[in-house]
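# Residue-level structural notes
Here is how the chains run, residue by residue.
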Amino acid sequence: GLSCQTLVFSQENGGAAPAANGNPTTKWTPPPWYMDEVAAEKFEREKIRILQYLKNNNPGTAQIKELSRVADYYLSKMTHEEVRQSIPKDVNQRLLSDVLTPSARPNGRAALLEEIINKIPSILNHPSDVVRTNAVLLLTEMSIEPSNFQTKTPAIPYTPVHKILIQIIEDSQQLRECKIIAVRGLGRICRDDFSNTLSSTDRSDIANTLAKAVESVPVSSEDEDWWYRFRTIESLGYVDRLDNVNGEPIVIDTIMKALSDPKEHLLVRSQAALSISRLPYTGSTNVQLITSQICKLTLRLSAEFLKDPTADYWRDYFSRVFLAFRPETQEQSEKGWGLLYQVKKAGLGANSGYVDQAFERAMPIFKAILQPETPGPLPAPSLKTFQEWVQNNLPSNKKVTPASETLQ
């Protein structure tokens, strides 16, 4: 068998390439709460006392006012020249460590995190790209509960932050790298909301924002364009909706368009295959159409691989498509992720034969790319058999929503 543990994903650290400091072209006016280097150093001695208020189940008005000074301190420090190149360690990590101290209570944490959300817009227009990108990173990393290594549960995100992340994505003046980080933050919130604090409307709002973000960027070979589309398609796979609250199938249709567009970057298409396999299918979802498009993508990847088999990205691309059939973990299979598990849901069993046949014929290709230390060569007879099956088993032309007829 093919072990998912061998699959390699070339994920970048933190969600975006390190931003350059740049040359400030606009004057930034510090907000009223700003602490300069001298004031910040003086406050450092008070901070330990104030952080004790995080232990309270219901911090009072006076205590919240004190906690707001902790937010002032860290956000001010983020703009100081002396820490500009070490913000992740000296600001973000220290702040998150203070918030998630084991003795802190959720309400105390929420009080401090809310102060950060309220005040961070004042530095999102800072002339330094480093300040802006790290400010958005801080938002995406904010958690209400720490990770639990015993239960293997990641830190639970502070979900109210999704509203300001949406604003960042919709801000036409904001840096593209900030938008990419915000997109990934929305994906994390949707994926790791184990406390189920996001409402159906919240997830719909996130879905609308991500779908519009994809539409706002053209299908392009420009790095900043296709990378943004890639990250947005990735996050759409975690929304856990097919549609918005108006019943418009924006999630599945947006991902399906990226999956089936031959002009789309192959990494975007590969991620689209993985993302669409994670959506909550219903009895009316056109599973055969989705499977057929993923098979066509596999054939396209195979053809491109034969042109340049030494490229270093093939394992990454093919692994995403493989996982669209068979997910990586037991937990993911229990969620119904992956086509082989989607067809076990009520109303979708009639598609199991089609999916099983597709996976069986694609498997020799996946093995040839993903098992050896060096991908390839592709088995020509198996590739031919798979291609013939795809051509001879096209899905029916009947319209089945929410996968649109126009995508067939």
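The rules behind the values
Residues numbered from 1 in each chain as written. Predicted model: local features only at pLDDT ≥ 70, side-chain atom pairs only at ≥ 80, totals over all residues. Heavy atoms only, no water. Helix = DSSP H or I, 4+ residues; strand = E, 2+ residues; numbered from the N terminus. Rg over C-alpha atoms; globule rule 2.2 N^0.38 Å. Buried < 20%, exposed > 50% of the residue type's maximum accessible area, 1.4 Å probe, protein only. Contact = heavy atoms within 4.5 Å. Axes fitted to C-alpha atoms, helices over the stretch in contact; angles between N-to-C directions. Parallel < 35°, antiparallel > 145°, perpendicular 65-115°, else oblique. Left-handed = near helix turned anticlockwise from the far one by under 90°. Salt bridge = Lys/Arg side-chain N within 4 Å of Asp/Glu carboxyl O. Core = buried A, V, L, I, M, F, W, Y, C linked by side-chain atoms within 4.5 Å. Phe/Tyr/Trp six-rings, centres within 6.5 Å; stacked < 30°, edge-to-face > 60°. Lys NZ or Arg CZ within 6 Å of the ring centre and 35° of its normal. Polar contact = N/O pair within 3.5 Å; in protein donor to acceptor, adjacent residues only side chain to side chain. Nonpolar A, V, L, I, M, F, W, Y, C, P; charged D, E, K, R; others polar.

## With respect to the overall build of the protein
The secondary structure content of the protein amounts to 17 helices and two strands. The C-alpha atoms of the protein give 23 Å as radius of gyration, which agrees with the globular expectation for 408 residues (22 Å, within 12%). Structurally, the protein occupies a C-alpha span of about 75 × 45 × 40 Å along its principal axes. Per-residue burial for the protein yields a buried fraction of 54% across its 408 residues. Considering only residue pairs separated by 6 or more positions, the protein has 71% of its internal contacts joining residues 24 or more positions apart.

## Comments concerning the packing of helix H12 (residues 287-307) against helix H16 (residues 352-370)
Each pair of packed helices gets described by two things: the angle between the helix axes and the distance between those axes. Where H12 meets H16, the closest approach of the two axes is 11 Å, and the angle between their N-to-C directions is 20 degrees. In terms of orientation, H12 lies roughly parallel with respect to H16. In this structure, the crossing between H12 and H16 has a hand that is left-handed. For the pair H12 and H16, the contacting residues are Val287, Gln288, Thr291, Ser292, Cys295, Thr298, Ser302 and Phe305 in the first and Tyr354, Val355, Ala358, Ile365, Phe366 and Ile369 in the second.

## A short note on the pattern of salt bridges
Note that side chains of opposite charge can pair when their charged atoms are close. This structure, assessed with the given rule, holds 21 salt bridges. Of the charged contacts, one joins aspartate 98 and lysine 47 as a salt bridge, the two residues approaching to 3.0 Å between their closest N and O atoms. Of this pair, aspartate 98 sits in helix H3 (residues 87-99) while lysine 47 sits in helix H1 (residues 37-50), and the two are 51 residues apart along the sequence. The class of aspartate 98 is buried, set by a relative accessible area of 17%.

## Considering the nonpolar core
If you look at the biggest cluster of nonpolar residues, it comprises 128 residues, and the most contacted ones within it are Ile120, Ile276, Ile294, Phe325 and Phe366. No other element matches H16, which puts 11 residues into this core.

## Here's the deal with the packing of aromatic side chains
Evaluated as defined, the whole model comprises 17 aromatic pairs. Each ring, one from tyrosine 238 and one from tryptophan 337, has its centre 6.1 Å from the other, and the planes form 45 degrees; the classification is tilted. You can see tyrosine 238 sitting in the loop between helix H9 (223-236) and helix H10 (250-260) and its partner tryptophan 337 sitting in the loop between helix H14 (330-334) and helix H15 (339-342), a full 99 residues away along the chain. Of the two residues examined, tyrosine 238 and tryptophan 337, each falls in the buried class. A cation over a ring is seen here: arginine 191 above tyrosine 238, with NZ or CZ 5.4 Å from the ring centre.

## What about the side chain of serine 128?
By the secondary structure assignment, serine 128 is in the loop between helix H4 (106-119) and helix H5 (129-141). Look at serine 128 and you get buried, because its relative accessible area is 2%. Reaching out from serine 128, the side chain makes a polar contact with the backbone nitrogen of valine 130 at a distance of 3.2 Å.

## Things to note about the packing of H5 against helix H7 (residues 176-191)
Contact pair H5 / H7: the axes reach a minimum separation of 9 Å and the direction vectors enclose 5 degrees. Between H5 and H7, the angle is such that the two are roughly parallel. In this structure, H5 uses Asp129, Arg132, Thr133, Val136, Leu137, Thr140 and Glu141 to contact H7, whose residues at the interface are Glu177, Cys178, Ile181, Ala182, Gly185 and Arg188. A class-by-class count of the residues in the contact of H5 with H7 yields five nonpolar, three polar and five charged.

## Looking at unusual backbone geometry
The omega torsion across glycine 376 and proline 377 is -5 degrees, close enough to zero to call that bond cis. Relative to the assigned elements, proline 377 resides in the loop between H16 and helix H17 (380-392). With phi around 60 degrees, lysine 152 is a residue other than glycine that occupies positive phi space. Here lysine 152 shows up in the loop between strand S1 (143-145) and strand S2 (156-157). On the accessibility criterion, lysine 152 (75% relative accessible area) is exposed. Phi is positive for aspartate 240, close to 65 degrees, though the residue is something other than glycine. Within the secondary structure layout, aspartate 240 lies in the loop between H9 and H10.

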